[in-house]
Amino acid sequence: MALIGDSNQVVRKAIADSLSLPAFILFFTMMGFGSLMQNTGYHAEMAAVATLLIWGLPGQLAMVELTATGQGLIAIVFACSLANARFMPMVVSFVPAMQRASASLPRQLLDAQMLSINSWAMCLREFPKVEPEYRHLYYMTFASSILLAAVIGTLFGFYGAVILPAVVVLGLIFTSPLFFALVLSATPGSAERLSMLSGCAIVPLAHHFFPAVDLLITGLVGGSFGFLAARFWQRGDDD
Amino acid sequence: MTTEWLWIAVIACGAATFAWRALGVFVVRRIDPRGPFFQWVTCVSYAMVAGLIFRMLVLPESELASVPLAVRVGAVVIAFAAYFAFSRRLVAGVLAGSLSLSTMVHWFS
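All values reported here derive from a predicted model rather than from experimental measurement.

### Here we look at the overall build of chain B
Point 1. Helix and strand content of chain B: 4 helices and 0 strands.
Point 2. Each helix and strand of chain B, ordered N terminal to C terminal, gives the series α-α-α-α.
Point 3. Radius of gyration (C-alpha) of chain B: 20 Å, far over the 13 Å computed for a compact globule of 109 residues.
Point 4. Scored against the burial criterion, the 109 residues of chain B give a buried share of 47%.
Point 5. For chain B, the computed accessible surface area is about 5,500 Å², with 71% contributed by carbon and sulfur atoms.
Point 6. Charge separation in chain B, taken as the distance between the mean sites of 8 positive and 4 negative side-chain charges, equals 15 Å.

### Description of the overall build of chain A
Point 1. In terms of regular secondary structure, chain A is built from 12 helices and 0 strands.
Point 2. The C-alpha atoms of chain A give a radius of gyration of 19 Å, which matches the 18 Å a tight globule of 239 residues would have.
Point 3. Each principal axis of the C-alpha atoms in chain A carries an extent, and together these give about 60 × 50 × 40 Å.
Point 4. Relative to its full complement of 239 residues, chain A shows a buried share of 52%.
Point 5. Taking as baseline every contact in chain A between residues at least 6 positions apart, the subset at least 24 positions apart corresponds to 76%.

### Focus: a nonpolar patch on the surface
Residue and element names in this part refer to chain A.
Point 1. A surface patch of nonpolar side chains, amounting to about 440 Å² of accessible area, comprises Leu148, Ile152, Phe156, Val162, Leu164 and Val168.
Point 2. Sort the elements by how many residues they give to the nonpolar patch and helix H9 (residues 135-158) lands first, with 3 residues.
Point 3. If you trace the backbone, Val162 turns up in the loop between H9 and helix H10 (166-185).

### Remarks on the interface of chain B and chain A
Point 1. Every contact between the two is made by 72 residues of chain B and, on the other side, 89 residues of chain A.
Point 2. Linking chain B with chain A are 1 salt bridge.
Point 3. Linking Arg55 of chain B and Asp214 of chain A is a salt bridge whose minimum nitrogen-to-oxygen distance equals 2.8 Å.
Point 4. The interface formed by chain B and chain A includes 13 residue pairs in polar contact (both at pLDDT 80 or more).

### Topic: the environment of Ala9 of chain B
Point 1. With respect to the helices and strands, the residue Ala9 of chain B is situated in helix H1 (residues 3-28).
Point 2. Judged by relative accessible area, which is 0%, Ala9 of chain B ranks as buried.

### Considering the packing of helix H3 (residues 44-54) of chain A against H9 of chain A
Any two packed helices are characterised by the angle at which their axes cross and by the distance between the axes.
Residue and element names in this part refer to chain A.
Point 1. As a packed pair, H3 and H9 sit with axes 9 Å apart at the nearest point and diverge in direction by 150°. Put simply, H3 runs roughly antiparallel to H9. Relative to H9, H3 is oriented so that their crossing is right-handed. Of the residues in H9, those touching H3 at Ala44, Ala47, Ala48, Thr51 and Leu52 are Leu147, Ala150, Val151, Thr154, Leu155 and Phe158.
Point 2. Of the residues contributing to the contact of H3 with H9, the split by class is 9 nonpolar, 2 polar and no charged.

### Overview of the nonpolar core
Point 1. Counting residues in hydrophobic clusters, the biggest one holds 94 residues, and the most contacted among them are Met37, Met63 and Tyr139 of chain A.
Point 2. Broken down by element, the residue count for this core peaks at 11 residues, all from H9 of chain A.
Point 3. Residues contacting Tyr139 of chain A, with those up to four places away along its chain left out, are Phe94, Met98, Asp111, Met114, Leu115, Ser119, Cys123 and Phe127 of chain A.
Point 4. Counting 6 residues, the second-largest nonpolar core is a separate cluster that includes Leu194, Phe227 and Ala229 of chain A together with Cys43 of chain B.

### Quick notes on the confidence of the model for chain A
Point 1. With 97% of its residues at a pLDDT of 70 or more, chain A has an overall mean of 92.
Point 2. Mean pLDDT across the elements of chain A ranges from a minimum in helix H12 (residues 214-238) of chain A, with 88, to a maximum in H3 of chain A, with 97.

### Comments concerning unusual backbone geometry
Point 1. If you check the backbone angles, Trp55 of chain A has positive phi at about 50° while not being a glycine.
Point 2. Of note, the phi angle at Ser87 of chain B is positive, near 40°, even though the residue is not glycine.
Point 3. You can see Ser87 of chain B is positioned in the loop between helix H3 (69-85) and helix H4 (90-108).

### What to know about the side chain of Glu126 of chain A
Residue and element names in this part refer to chain A.
Point 1. Mapping Glu126 onto the fold places it in helix H8 (residues 117-126).
Point 2. At 2.7 Å, the side chain of Glu126 forms a polar contact with the side chain of Lys13.
Point 3. The residues contacting Glu126, other than those within four sequence positions of it, are Lys13, Asp17 and Tyr138.

So, how was this worked out
- Residues numbered from 1 in each chain as written.
- Chains lettered and ligands numbered in written order.
- Predicted model: local features only at pLDDT ≥ 70, side-chain atom pairs only at ≥ 80, totals over all residues.
- Heavy atoms only, no water.
- Helix = DSSP H or I, 4+ residues; strand = E, 2+ residues; numbered from the N terminus.
- Rg over C-alpha atoms; globule rule 2.2 N^0.38 Å.
- Buried < 20%, exposed > 50% of the residue type's maximum accessible area, 1.4 Å probe, protein only.
- Areas by Shrake-Rupley, 256 points an atom, 1.4 Å probe, with all protein chains shown as cover.
- Lys, Arg positive; Asp, Glu negative; His and termini not counted.
- Charge placed at Lys NZ, Arg CZ, Asp CG, Glu CD.
- Contact = heavy atoms within 4.5 Å.
- Patch = residues over 30% accessible without salt bridge, like charges linked within 9 Å, V, L, I, M, F, W, Y side chains within 5 Å.
- Salt bridge = Lys/Arg side-chain N within 4 Å of Asp/Glu carboxyl O.
- Polar contact = N/O pair within 3.5 Å; in protein donor to acceptor, adjacent residues only side chain to side chain.
- Axes fitted to C-alpha atoms, helices over the stretch in contact; angles between N-to-C directions.
- Parallel < 35°, antiparallel > 145°, perpendicular 65-115°, else oblique.
- Left-handed = near helix turned anticlockwise from the far one by under 90°.
- Nonpolar A, V, L, I, M, F, W, Y, C, P; charged D, E, K, R; others polar.
- Core = buried A, V, L, I, M, F, W, Y, C linked by side-chain atoms within 4.5 Å.
- pLDDT = per-residue confidence, 0-100.

Encoded structure:
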């Protein structure tokens, strides 16, 4: 199959891929965040800026939930930071996939700021279909498109513009983890697959014993296990 | 809470998240993307993301916690069945899974 190597086609593909699901999923999940922000006493523009600047739902939820329970500023920022710590390894694994060797530091920081779990998962899935020099354009178009949908969704949720029956809301909340589970099920590479399986096995225990840092522990233990197991496996194949 | 306090909370949370992203950029500029350290960090990110999704499905903190585990697992199975039945189309899987979850909740409650 020929790779896509034309900027118009790449932009069209990125927008079509975002509208195929991720933009709608983010619109509805951020509606939930916007409505929580409204209930907690934040202003509409703060809710929009929070989505734009934090751009990671677990951290945004930590911020609004701890504000609601009357925690101090340092506790709130610390909890938000821990909930979004996954961005560090996500950025490391994502930046080389764009194959942009000569990007300046400010450009790379902007790329990192735009990254979310949606674009991480979707781009790692779709990049093999795009010529390497157009992957950054694909990423930026896709990421801007879903960020816009997320900010609009936040404001819709804040103003309670869309009132839906509870059963429908449950189905909409469910779309987000479901989407990622389906996208990641196609991940190639034995190390990555073993890491994901061990991550799923470890997270209930980590969540039970260390709820504040459950994902950090899950990542370190599960990822190290997947990494070592795959190396051990490959060494066995070479013999 | 005052308006200033709330603004500071939002901006400080944005900065705290950006610190992790920037740390990722500084690390990636200094390592070989074909080396073992990069592969290990990639494995850590896959394990973290998979753990996050598994937690959202199995141990949700959202309103999904009110849905019985068996219903959630059943809807995931239906989603995967539809995904593979419709030649790996994400829309088919997500629609089938979330519609079946809503339908089951509607019937059983």
